[in-house]
Amino acid sequence: MNDPMSIMRIGTVVRTGFYAKCHRFRRNDGPNRLSMRPQGRRGLRAQRWSCSRRLIFGVFLAGMLVAEGSNTAAAKHYTESFDDPNTTTLTAEHHESDVRLLAHRRNDRVFREGKAAEQFQFATTRIGSIVQLKQALPPARRLDELSASVLVRSNVPGVTANLRLVFPHQIDPSTGKNLTALISGNRYVRPGQWERLTSRTDQKALRDELRRIRYRLGVSKIDQRDLYVDQLVISAAAGGPTLEILVDELNFGPIVESKAKSAIEQVAYESDVEIDAPVEFRLGRFRVEQKPFFPRMAPYRGEDPAAFADAGFNVAWISDYRDTELIKRLAAHGVWCSATPPRALDTEGNVLAARSADLVPFTVDTKRILFWNLGRRIPATALDGLADWRKQIRQADRAYNRPLLGDVTDGEHVYSRYLEMLGASRTSTNTTFGYRDYRDWLEEKRLIARPGTYFWSWVPTEPAYGLSSRREAAGLDPVIVEPEQIRLQVYSAINAGCRAVGYWTSGPIDRNDNVSLERRLALSAINTELSLVDDLLAEAVAVGEVPFYVDLRKAGSSGYRIRSSNTPLRPEDDFSPFAKKSTDAGARQAAMYRTGGGLLILPVWFGRDAQLCPGQLAASDVSLIVPGVNDSASAWEITPTRMRSLKRERVPGGTRLTIPRFDQTAIILITSDRTLIAKLRERISEISRRAAETEVKLAELKLERVRKTNAALAEYNARQSDGPQLLARSESTAMQARQALQRGDYDFAAVSAKSVRQYLRILQRAHWDDAVRPMSTPLSSPHTAAFSTLPDHWRLLASLGLSVSPPIENSNSLLTGDFESIDAMLTAGWKHEQNRLEGVRTMAELVPDAKSGEHALRLLAAPQVKSETPRSINESPVTIESPPVDVEPGQIIHISGWIKIERPIVSNLDGLTIHDSLNGPSGALRWKSTGGWTRFEMLREASSYEVLTVTFALNGLGEAIIDDIRIIAHRPGTLTATKPEETRSAPVRFLDRLPGINRLTGRRGDSDKSGNGSERR
């Protein structure tokens, strides 16, 4: 090469890159978390070798270019101006049946540079028909710096410029010729205008293409020796009857002739690319070892790996990615790992930016880590730091290029650019936020993210921490999350489009207490069921939703009382104990997914207030109408113990499928694939015994727990007339299930065990309905968040009836709760907070629209003039907090007031929420729909000396009016258990005797005459 300046320029780039890396390394040489201290000298040597390798390669490349001497290919750039009017250099390829070439010429009237441009005009008969324009290029060795750029003008968007990469030592089995691949660049986006399209053969583009090639060919090794580029391919898809493309000014280089690869370059490729990574993440599809993979993950809390695997988890989130011993122990039980990657820290523990520090490359010891978990509840304010962290992880994980996973609280659209696996989570169980709302909330978050984003969620398997800690501090029994509630959350998440499910636990799942064992069995049952269709769910595409129809017999709880206490239920009965009269018992929905094996349908019965206490949620002869079913396809209900062929019938709108016995959820597959059916049957035969054992043991544990709670309720005279019969039937059916298990009739055992839990849910829901029926909302009492806490609820009401020195009429600890004077409110200590949201105006003011007196408090959030309504709002536009009120241990606090929703609250499913500081946000009451004045009431227990505040939050766009807020404290006397001969309703009548409390308003009715009651939960 005769140009010494070219040598100088290239040498400078390499040298600058090397010294930048080494300078960063030296600045942070010390005890920090660049992965050097944990890995010791080995990590240090690896980093020094990485720096040395870059220097060797840079010196080698510069020396090679000098050695080329007069060989101008070492520093050449190829240019094609398309100016010669007498010739054309591009060739067109397309399907003759779909595309016809109208004109191919050099156009000297429409061009961007020089004197002319090359023009193609096509007539097309099918939208989407592909046309490729090919330009031969001088063969050039693949380098990171090698690129091609070309000017393009077209009448359709989406045109791309691609470089054809040739693998001279790899044969494509489909053609028998050398393997080739197209390296894509940016896309053409402005029809009718000139744009420059560029394609580059850098390491990232090569890695991405190698991943696609491995998937297409089904191989793990690709021979990458002597790769070179020999062609530019411009691709376009027809968008109408005509397609026009003009091409001008092509630049290609720097060109180094293709020769045998040097030893140094080969080492770099083997280190950076050629490691056999088990993970493939492409186009929102997750594959492990070339098979579809549906993650069912949980944090690892020190359990026995065998117990962790028995619960059905296939991924463990471990705390230390360097714990190779734990990784191996989990691998022995078929469990993969996820881990939090290290941060680059200085000697004082401060995070170092990507421009200042790198992470040491991850070694082969981390191969069984499928993805990097960047944490839970990541706020939008952490975006800059996460983006910087991502750069460091990507640099250190070039060998495996594993996806990044994170659970965020806001900013889903932006975060979906940085997290390949985007999660959003919230607590629904034991709150007034129902499972249908939970499902809609997840779908809303998924749709905010970029299209095609891989979306997932954590499913809580335990009560919210605040609820648990408060009960523990008060010396109360823990809240128990029912197995059915975990199931409904999981299916709600999948129904909303989640491609993975995380089960959140705060402690080991293999603890010896019955509550932990029941939860572990519930998780095992759900995961065993999902494992049957893992490969279908992993690559399923949502195609729609259909309602399903339930016939119910007699409304009791939300799905419902059985026919007769003396009628036994057996799985083989032609009749069922379920209602025959159609009754609305909560939302129901079936999500449909198109899969490689057929149409997958997942019906879910969300239930009314099932997040607090599930009802029976079961019925016979459930039907759903599915559109577009092929006549040759068969429909199957899939369970871990049986595949049942479903009755089908042609009806207007599609095909009606009938599920003989539906229990909460179901998995239905419509397929013509006999091989898939045989595979599922074989899999079921392998797991049916263990699945039946799990169901039987789960039913026995729940029976024991419900029996104890039922006895505790009887001490407060809270009985159900058919309670003994329901328990007796549960016991006899559980015995039948155990006997069926022993004789090997696994399907009968599993069905009978599920029937036991249905009977128990009937009893649980009847108790819960009786407890909340006199109240304005399900969480008016702090102890109605679950069936397991109902004894405390009746204890609270009984002790409230024994109040000593009751307060005088109209005594109110919140003197300014009448909202008559803004000055008095400010003096008393009311707090007002407004979040500044783009395009939203907010207001909190006193208005002359009161329930009593002259004024009430109005909260308003609305779009600004000429602004569109925001699709989703994550922050509360307006929040009001009451002044603190001192409370003492043992006091029972009665909080009441009136609310009116003037405009429906949209853009946030929480609506208007009211919560107190004793129960926290998990005990919030919610309203969304318009209506007249509605009274709300809350009873709360103080377990220590503290202050009580009440918070009113308008979480979406709408208008709410609040008035007459009262806080009244009571001090109960000594409580003894109610005598058996006392009447059933005695605890409720205690409220009538208290001068400070009107009888708690019933859940249905008791709204102000000025309008209908608002929708509230």
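Parameters and conventions
Residues numbered from 1 in each chain as written. Predicted model: local features only at pLDDT ≥ 70, side-chain atom pairs only at ≥ 80, totals over all residues. Heavy atoms only, no water. Helix = DSSP H or I, 4+ residues; strand = E, 2+ residues; numbered from the N terminus. Buried < 20%, exposed > 50% of the residue type's maximum accessible area, 1.4 Å probe, protein only. Contact = heavy atoms within 4.5 Å. Areas by Shrake-Rupley, 256 points an atom, 1.4 Å probe, with all protein chains shown as cover. Pairing = 2+ DSSP bridges. Axes fitted to C-alpha atoms, helices over the stretch in contact; angles between N-to-C directions. Phe/Tyr/Trp six-rings, centres within 6.5 Å; stacked < 30°, edge-to-face > 60°. Lys NZ or Arg CZ within 6 Å of the ring centre and 35° of its normal. Salt bridge = Lys/Arg side-chain N within 4 Å of Asp/Glu carboxyl O. Expected span 1.5 Å × (residues − 1). Lys, Arg positive; Asp, Glu negative; His and termini not counted. Bend = angle between axes of the 7 residues up to and from the residue. Polar contact = N/O pair within 3.5 Å; in protein donor to acceptor, adjacent residues only side chain to side chain. 1 Å grid on protein atoms, 1.4 Å probe; cavity = no way out; pocket = protein on both sides within 12 Å on 5 of 7 lines; lining within 4 Å. Points joined across faces, edges and corners; volume = space filled by probe spheres on them. UniProt positions renumbered as here; feature names shortened; annotations may be inferred. Parallel < 35°, antiparallel > 145°, perpendicular 65-115°, else oblique. Left-handed = near helix turned anticlockwise from the far one by under 90°. Nonpolar A, V, L, I, M, F, W, Y, C, P; charged D, E, K, R; others polar. pLDDT = per-residue confidence, 0-100.

Undergrad: What's the story with the overall build of the protein in this structure? I'm lost.
TA: A count of helices and strands for the protein gives 19 helices and 45 strands. Here the protein holds 1017 residues, and the buried ones make up 57% of them. Counting contacts in the protein only where the partners sit at least 6 residues apart, residues at least 24 apart contribute 77% of the total. Total accessible area on the protein stands at roughly 42,300 Å², and carbon and sulfur atoms take up 49% of it.

Undergrad: What is the right way to read the sheet that holds strand 7 (residues 160–172) from this model?
TA: Strands sit in the order 2-5-10-7-8 across an open sheet of five strands; the sheet is antiparallel. Edge strands, defined here as strands with exactly one partner in the open sheet, are strand 2 (91–93) and strand 8 (177–187). Adjacent strand axes in the sheet meet at a mean angle of 35 degrees when their direction is disregarded. Where strand 5 (residues 130–141) lies against strand 10 (residues 228–237), nine bridges are found, and the strand directions are antiparallel. Residue pairing in the sheet places Ala-136 in a bridge with Gln-231 of strand 10. Contacts between helix 3 (residues 203–217) and the sheet are confined to strand 7 and strand 8, with strand 8 contributing the most and set at about 130 degrees to the helix.

Undergrad: Got a minute to help me understand the environment of Pro-168 in this structure?
TA: Of note, Pro-168 is situated in strand 7. Residues Pro-168 and Arg-225 lie 57 residues apart in sequence; the distance between their C-alpha atoms is 7.4 Å. Other than its neighbours up to four places away in sequence, Pro-168 contacts Asn-178, Arg-225, Asp-226, Leu-227 and Tyr-228.

Undergrad: How do you make sense of the packing of aromatic side chains when you look at a structure like this?
TA: Between two aromatic rings, the relevant description is the distance of the centres plus the angle of the planes. Within this structure, the stated rule accounts for 19 aromatic pairs. Centroid distance Phe-286 to Phe-371: 5.9 Å. Interplanar angle 70 degrees. Geometry classified as edge-to-face. With a gap of 85 residues between them, Phe-286 in strand 13 (residues 285–288) and Phe-371 in strand 18 (residues 369–373) connect regions that are remote in the sequence. Considered together, Phe-286 and Phe-371 belong to a single accessibility category, that of buried residues. Plain terms: the ring middles of Trp-317 and Trp-504 are 6.3 Å apart, the flat faces sit at 55 degrees to each other, and that makes the pair tilted. Of this pair, Trp-317 sits in strand 16 (residues 315–318) while Trp-504 is found in strand 22 (residues 501–504), placing the two residues 187 residues apart along the sequence. Three or more aromatic residues joined by ring pairs make a cluster, and in this case those are Phe-281, Phe-286, Phe-293, Phe-371 and Tyr-454. The ring of Phe-748 has Arg-743 sitting right over it, with the charged end atom 5.6 Å from the ring centre.

Undergrad: Help me understand the pattern of salt bridges, please; the structure alone is not making it clear to me.
TA: Any two side chains of opposite charge can pair, given that their charged atoms come close. In the structure shown here, the tally under the stated rule is 62 salt bridges. Residue Glu-412 pairs with Lys-445 through a salt bridge whose shortest N-O separation is 3.2 Å. Note that Glu-412 is positioned in helix 8 (residues 412–415) and Lys-445 in helix 9 (residues 435–448), a separation of 33 residues in sequence. Glu-412 gets classed as buried once you look at its relative accessible area, which sits at 1%. Several salt bridges share partner residues, and in doing so they unite Glu-482, Glu-484, Glu-518, Asp-663, Glu-695, Lys-702, Arg-705, Arg-757 and Arg-761 into one network.

Undergrad: I keep staring at helix 16 (residues 746–772) and nothing clicks. Help me out?
TA: Count 3.6 residues to each turn of an α-helix, and residues three or four apart come out pointing the same way. Taking 1.5 Å as the rise per residue, helix 16 with 27 residues should run 39 Å; its terminal C-alpha atoms sit 39 Å apart, in good agreement. The buried fraction of helix 16 is high, at 25 of 27 residues.

Undergrad: I would appreciate a short explanation of the pairing of strand 13 in the present structure.
TA: Consecutive residues of a regular strand have side chains that alternate between opposite faces of the sheet. Here strand 12 (residues 279–282) runs beside strand 13; their pairing, made up of four bridges, is antiparallel. Note on strand 13: the bridge partner recorded for Phe-281 is Phe-286. Linkage of strand 12 to strand 13, two consecutive antiparallel strands, is achieved through a turn of two residues, within which Leu-283 is found at a positive phi near 55 degrees. Note that strand 13 and strand 14 (residues 291–292) share two bridges and pair antiparallel.

Undergrad: What am I meant to see in the side chain of Glu-280 here?
TA: Its location among the elements puts Glu-280 in strand 12. Nearest to the buried, unbridged Glu-280 among oppositely charged side chains is Arg-287, at 4.4 Å. When neighbours within four sequence positions are excluded, Glu-280 is seen to be in contact with Arg-211, Tyr-215, Arg-285, Phe-286 and Arg-287.

Undergrad: What is the right way to read the sheet that holds strand 41 (residues 925–927) from this model?
TA: Adjacent strands of a sheet form backbone hydrogen bonds with each other and so pair up, either parallel or antiparallel. Reading across the sheet, the five strands line up as 34-37-44-40-41 and stay open at both edges, with antiparallel pairing between neighbours. Each edge of the sheet is formed by a strand with only one pairing partner; in this case those strands are strand 34 (831–834) and strand 41. Adjacent strand axes in the sheet meet at a mean angle of 15 degrees, parallel and antiparallel pairs treated alike. Pairing analysis gives three bridges linking strand 40 (residues 912–916) to strand 41, with the strands arranged antiparallel.

Undergrad: Teacher, can you tell me more about helix 14 (residues 674–714) here?
TA: At Ile-687, helix 14 is bent by approximately 50 degrees, the largest bend along its length. Measuring from the backbone nitrogen of Thr-675 back to the side-chain oxygen at the start of helix 14 gives 3.0 Å, which picks out Asp-673 as the cap.

Undergrad: Please clarify how empty space enclosed by the protein should be interpreted in this entry.
TA: Over the atoms, a rolled probe matching the size of one water molecule traces out where space is still vacant. Under the defined criterion, the tally for this structure stands at five cavities of 30 Å³ or more. Secondary-structure elements contributing two or more residues to the lining of the largest cavity are strand 28 (634–639), strand 29 (642–645), strand 31 (654–663) and helix 16. Per-element tally for the lining of the largest cavity: the top contributor is helix 16, with six residues. Roughly 70 Å³ of volume is contained in the second largest cavity.

Undergrad: Sorry if this is basic, but what is going on with the UniProt feature "coiled-coil region" (unreviewed entry) in the protein here?
TA: Here the UniProt-annotated "coiled-coil region" (unreviewed entry) positions come out as residues 677–709. As annotated, residues 677–709 comprises 100% helix and 0% strand, and the C-alpha atoms at either end are separated by 44 Å.

Undergrad: How should the packing of helix 14 against helix 16 be read in this particular structure?
TA: Two quantities define a packed helix pair, namely the angle between the axes and the distance from one axis to the other. Direction vectors running N to C along helix 14 and helix 16 enclose 25 degrees, while the axes themselves pass 8 Å from each other. As summarised for this structure, helix 14 and helix 16 are arranged roughly parallel, according to the angle between their axes. Between helix 14 and helix 16 lies a crossing of left-handed hand. Considering only residue class, the contact of helix 14 with helix 16 consists of 14 nonpolar, four polar and seven charged.

Undergrad: Just checking my understanding: could you explain the side chain of Arg-287 for this structure?
TA: In this fold, Arg-287 is placed in strand 13. Residue classification places Arg-287 among the buried positions, given a relative accessible area of 12%. Among the polar contacts listed, one links the side chain of Arg-287 to the backbone oxygen of Gln-290, at a separation of 2.7 Å. If we ignore the near neighbours within four places in the chain, the residues touching Arg-287 are Tyr-215, Pro-278, Val-279, Glu-280, Pro-292, Phe-293 and Glu-539.

Undergrad: Looking at this structure, I do not really get the packing of helix 16 against helix 17 (residues 790–800). What am I missing?
TA: Between helix 16 and helix 17, the shortest axis-to-axis distance is 11 Å and the interhelical angle comes to 30 degrees. Here helix 17 runs roughly parallel to helix 16, going by the angle between their axes. Helix 16 and helix 17 meet at a crossing whose hand is left-handed. Across from His-767, Trp-768, Asp-770 and Ala-771 in helix 16, the residues of helix 17 making contact are Leu-790, His-793 and Trp-794.

Undergrad: What is the right way to read the environment of Ala-862 from this model?
TA: Among the structural elements, Ala-862 can be located in strand 36 (residues 856–863). A C-alpha to C-alpha distance of 5.5 Å links Ala-862 and Arg-841, two positions 21 residues apart in sequence.

Undergrad: What's the story with the confidence of the model for the protein in this structure? I'm lost.
TA: Detailed reading of the predicted coordinates is not advisable wherever pLDDT falls low. Per-residue confidence for the protein gives a mean pLDDT of 84; residues scoring 70 or more make up 82%. Throughout residues 59–74 the model reports pLDDT below 50, and contacts reaching past four residues in sequence, or to other chains, amount to 25 contacts. Every residue in residues 260–274 is under pLDDT 50, and counting partners more than four places away or in other chains gives 41 contacts.

Undergrad: What's the story with the pairing of strand 37 (residues 878–881) in this structure? I'm lost.
TA: For strand 34 and strand 37, the ladder comprises four bridges, and the chain directions are antiparallel. Bridge pairing in strand 37 places Gln-834 opposite Val-878. Taken together, the four bridges between strand 37 and strand 44 (residues 950–954) define a ladder with antiparallel strand orientation. Residue pairing across strands places Glu-881 opposite Thr-951, the latter belonging to strand 44.

Undergrad: In this structure, what is going on with unusual backbone geometry? I would like to understand it.
TA: Phi is mostly negative for residues that are not glycine, and the peptide bonds are mostly trans. Cis peptide bonds are those with omega within 30 degrees of zero, and the linkage from Gly-253 to Pro-254 qualifies with -5 degrees. Residue placement: Pro-254 occurs in strand 11 (residues 242–255). We note that Asp-226 has phi near 60 degrees; this positive angle belongs to a residue other than glycine. Along the polypeptide, Asp-226 turns up in the loop between helix 3 and strand 10. In this structure Asp-226 comes out as buried when scored by relative accessible area, which is 15%. Despite not being glycine, Asp-621 shows a phi value in the positive range, around 55 degrees.

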